[in-house]
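Residues per chain are reported as follows:
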Amino acid sequence: MATWYTNLIAAAAHPGEQPLSRIAVERMVLAVNESAHVRASPLVLGLKGETNEWVEVEFFNPNPSNTDWVGVFSPADFSSAICEAYGVPQYYPMLCTAPIKYQYANFNNNGYSKSGKGKLKLQLINQREDFSFALFSGGLENPKLVAVSNKIAFANPKAPVYPRLAQGKSWNEMTVTWTSGYDFKEAVPFVEWGAKGGQRVLSPAGTLTFDRNSMCGAPARTVGWRHPGYIHTSYLKELWPDSLYTYRLGHRLPNGTHIWSKSYSFKASPYPGQDSVQRVVIFGDMGKAEADGSNEFNDFQPGSLNTTYQIIRDLKNIDMVVHIGDICYANGYLSQWDQFTAQIEPIASTVPYMIGMGNHERDWPGTGSFYGNLDSGGECGVPAQTVFYTPAENRAKLWYATDYGMFRFCIANTEEDWRPGTEQYKFIEQCLSSVDRQKQPWLIFLAHRVLGYSSCTFYEEEGTFEEPMGRESLQELWQKYKVDLAFYGHVHNYERTCPVYQNKCVVSGSDHYSGPFTATTHVVVGGAGAGTSDSEFTTSNIKWSYYRDFDYGFVKLTALNHSSLLFEYKKSSDGNVYDHFTISRDYRDILACSIDNCPRTTLAT
């Protein structure tokens, strides 16, 4: 067996791994039975412009077993005859690709093991190609192809889909990124937009994509490869503060006709320092899940979908989302990026959806990542930095600053070196030191891995209670520049510290802080959806650990004004608040001295 596949199977036992990695694509053999069949309907999807639809798959196997499963393939033709050579051992007969999703044949079919008859209802999204459904016996590790269905397709598989908003490089600029099947040579991409009820204008869009050779290893270059389509980004500029805008995505074909998406809307950012209520949701490690129960593995479904649904439910009271790494856990199975952008479309099409880089997006040996592991499945950051826009100076490095009203967010990239003397360390200090605290009194540091404090057992085993070398140099910056809050993912739980500096509580943990800044409160909020089984808390008495929750959830920050900030931790299961605190202070309190942070005096002064 190929080494890369052995690694993937070994990793699949741990939370956060891609369920499709459990399918031994290289072992697939033909076992076609003329009596077996698979039929899918309807034949054409999206006749009214829908980007997702439910299909019914009816199947029969004369020799059924409880390990039979149905895979969804796209493109529909997945035979070995069209496989591209990609430098790994070929096993004949071999399928070109893993399915984009799968479900066991006996799911909601209790009598399948006896009758061999079953039906599945599966949700499909527009992914630019047609689909077919295949019935396999032999389980996931020794799959035998029994029957293949008819083909089905969306009416316009190339249509523009899944818009993602993001803050631009200036406060009054919003970017719109979306996916389509149209290369810029086939059709001209643009956005039609304008103030709600007002005149509309057209803004051009740029087009990016990447190919198999852009990937760094398997499975992204092999059985996980699927063309990502074309990623378009348009820049909507000179927006009026807090104004409502509507927009739709467009492509102009050579014959002059236009292809349109449905209409969407968003509210422009407030003016920097504007004293109004501003609300930001923060989480890490959400991943994706299927509403139809497909690919069920390690509890991604209840966690990921519940988090998504709770944010959608409260969307009228949310102004921005920050997802700090481990975005969709595609891990080299490129079809999953479409699945994720479809899942978050109601959110990302309405409010800016800002991302950070995580290990499951970036890490791969020999590619310059700080950690030389296999966590990205060969993606090495390329899909993440292409599918989502960030206002980074270099999108490949993906560290950046963004302001929203009274907030300054400094988003670091833990998969690149952050230590003193590095380019990223200089960025972090510049981001923290350049903020005007009279305009942005709330200074927030965010990173994927825990560069601050976590009492998770695997950090305890390392003897660090942090990412090794995480806070050693950065804690001086957080203290010097009076960082209010530091957020992390990577650990799949929730934890809040007291205001802590050099491992000690400067003040006791509380539900309310007032007066001058004392120290940074560190928050792990990596429980947005990925499995929690490897993120248990230590039983040791950790004095800086104030509140813990071993469950799925996310944080909501509400800047009520320049002197009042509300912090809420909500569980994904019910959306209720389980931990909260407030900060109350005046502008002069931010300027006041804090621990090890007073300017040195001399005889001359």
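Only a predicted model underlies this, so the values are computations on that prediction, with no experimental measurement involved. (Residues numbered from 1 in each chain as written. Predicted model: local features only at pLDDT ≥ 70, side-chain atom pairs only at ≥ 80, totals over all residues. Heavy atoms only, no water.)

Overall, the coordinates contain 31 aromatic pairs when judged by the stated rule. Between Trp69 and Phe136 the ring centres are 4.3 Å apart and the planes differ by 15 degrees, which places this aromatic pair in the stacked class. Remark: Phe136 occurs in strand β8 (residues 132–137) and Trp69 occurs in strand β5 (residues 69–73); sequence separation between them is 67 residues. You can call Phe136 buried: its relative accessible area is 0%. Measuring from centroid to centroid gives 5.9 Å for Tyr494 and Tyr547, while their planes differ by 65 degrees, and the two rings are edge-to-face. (Phe/Tyr/Trp six-rings, centres within 6.5 Å; stacked < 30°, edge-to-face > 60°. Helix = DSSP H or I, 4+ residues; strand = E, 2+ residues; numbered from the N terminus. Buried < 20%, exposed > 50% of the residue type's maximum accessible area, 1.4 Å probe, protein only.)

Here we come to the nonpolar core. Within the largest apolar cluster, 65 residues are counted, with the highest numbers of intra-cluster contacts made by Ile282, Phe283, Tyr353, Phe409, Phe487 and Phe567. Leave out the neighbours within four places in its chain, and Phe283 touches Ile311, Val321, Val322, His323, Ile324, Tyr353, Val525, Ala528 and Phe554. Formed by 27 residues, the second largest nonpolar core is a distinct cluster that contains Trp399, Cys410, Ala412 and Phe427. (Core = buried A, V, L, I, M, F, W, Y, C linked by side-chain atoms within 4.5 Å. Contact = heavy atoms within 4.5 Å.)

Below, the discussion takes up the pattern of salt bridges. If you walk through the whole model with that rule in mind, you get 30 salt bridges. Residues Arg128 and Asp338 are paired through a salt bridge, measuring 2.8 Å at the closest nitrogen-oxygen approach. Note that Arg128 is positioned in the loop between β7 (117–125) and β8 and Asp338 in helix α4 (residues 335–343), a separation of 210 residues in sequence. Considered together, Arg128 and Asp338 belong to a single accessibility category, that of buried residues. Its salt-bridge partner being Arg585, residue Asp484 comes within 2.5 Å of it at the nearest N-O pair. Of this pair, Asp484 sits in the loop between α10 (474–480) and β25 (485–488) while Arg585 sits in the loop between β33 (577–584) and α11 (587–591); the two residues are 101 residues apart in sequence, bridging distant segments of the chain. We classify Arg585 as buried; its relative accessible area is 6%. A cluster of three or more residues bridged by salt bridges with shared partners is formed by Lys101, Lys288, Glu290 and Asp292. (Salt bridge = Lys/Arg side-chain N within 4 Å of Asp/Glu carboxyl O.)

Below, the discussion takes up the sheet that holds strand β2 (residues 37–41). Taking strand neighbours across the sheet as the criterion, the three strands line up as β2-β4-β7 in an open arrangement whose pairing is antiparallel. At either end of the open sheet lies a strand with only one pairing partner, and these are β2 and β7. If you compare each strand with its neighbour and ignore which way they point, the axes differ by 25 degrees on average. Sheet analysis places β2 next to strand β4 (residues 52–60), joined by five bridges and oriented antiparallel. Among the inter-strand pairings, Arg39 is bridged to a residue of β4, identified as Glu58. (Pairing = 2+ DSSP bridges. Axes fitted to C-alpha atoms, helices over the stretch in contact; angles between N-to-C directions.)

The UniProt record annotates "domain: Purple acid phosphatase N-terminal" (unreviewed entry) at residues 163–267. For residues 163–267, the helix share is 0%, the strand share is 49%, and the end-to-end C-alpha distance is 15 Å. (UniProt positions renumbered as here; feature names shortened; annotations may be inferred.)

Moving on, we come to the state of the cysteines. Considering all chains together, one arrives at three disulfides under this definition. The side chain of Cys410 participates in a disulfide bridge whose partner is Cys431; the two sulfur atoms lie 2.0 Å from each other. Its S-S torsion of about -95 degrees marks the bond between Cys410 and Cys431 as left-handed, since a negative value means left-handed. In this pair, Cys410 is assigned in strand β23 (residues 407–411) and Cys431 in helix α8 (residues 423–433), connecting sequence segments 21 residues apart. The residue that forms a disulfide with Cys498 is Cys505, at a sulfur-sulfur distance of 2.1 Å. As the torsion about the S-S bond is roughly -90 degrees, the Cys498-Cys505 disulfide counts as left-handed. Cys505 gets classed as partly exposed once you look at its relative accessible area, which sits at 32%. Note on Cys328: no disulfide assigned, nearest cysteine sulfur contributed by Cys380 at a separation of 14 Å. For Cys328, a relative accessible area of 1% puts it in the buried group. This cysteine, Cys456, is not joined by any disulfide, and Cys498 carries the nearest cysteine sulfur, 18 Å off. Classification of Cys456 as buried rests on a relative accessible area of 0%. (Disulfide = S-S within 2.5 Å.)

Moving on, we come to a nonpolar patch on the surface. There is a patch of nonpolar side chains on the surface, built from Leu43, Val44 and Leu47 and spanning about 310 Å² of accessible area. Summarising the element assignment, Leu43 is placed in the loop between β2 and β3 (44–45). (Patch = residues over 30% accessible without salt bridge, like charges linked within 9 Å, V, L, I, M, F, W, Y side chains within 5 Å. Areas by Shrake-Rupley, 256 points an atom, 1.4 Å probe, with all protein chains shown as cover.)

In this section: unusual backbone geometry. Peptide bonds are mostly trans, and most non-glycine residues show a negative phi. Backbone torsion omega between Ser74 and Pro75 reads 5 degrees, so that peptide bond is classified as cis. Checked against the element boundaries, Pro75 lands in the loop between β5 and β6 (101–104). For the peptide bond that leads from Ala218 to Pro219, omega is 5 degrees, which places it in the cis range. With respect to the secondary-structure elements, Pro219 resides in the loop between β14 (201–208) and β15 (230–236). Unlike most non-glycine residues, His490 shows phi in positive territory, near 70 degrees. Tracing the sequence through the fold places His490 in the loop between β25 and β26 (494–501). According to the relative accessible area criterion, His490 is buried, its value standing at 15%.

Moving on, we come to the pairing of β33. The sheet contact formed by strand β28 (residues 512–514) and β33 spans three bridges and is parallel. Along β33, the bridge assignment pairs Tyr513 with Ile583. In this sheet, β33 lies alongside strand β32 (residues 564–571) in antiparallel orientation, the contact comprising seven bridges. Directly across from Ser564, in β33, lies its bridge partner Ser584.

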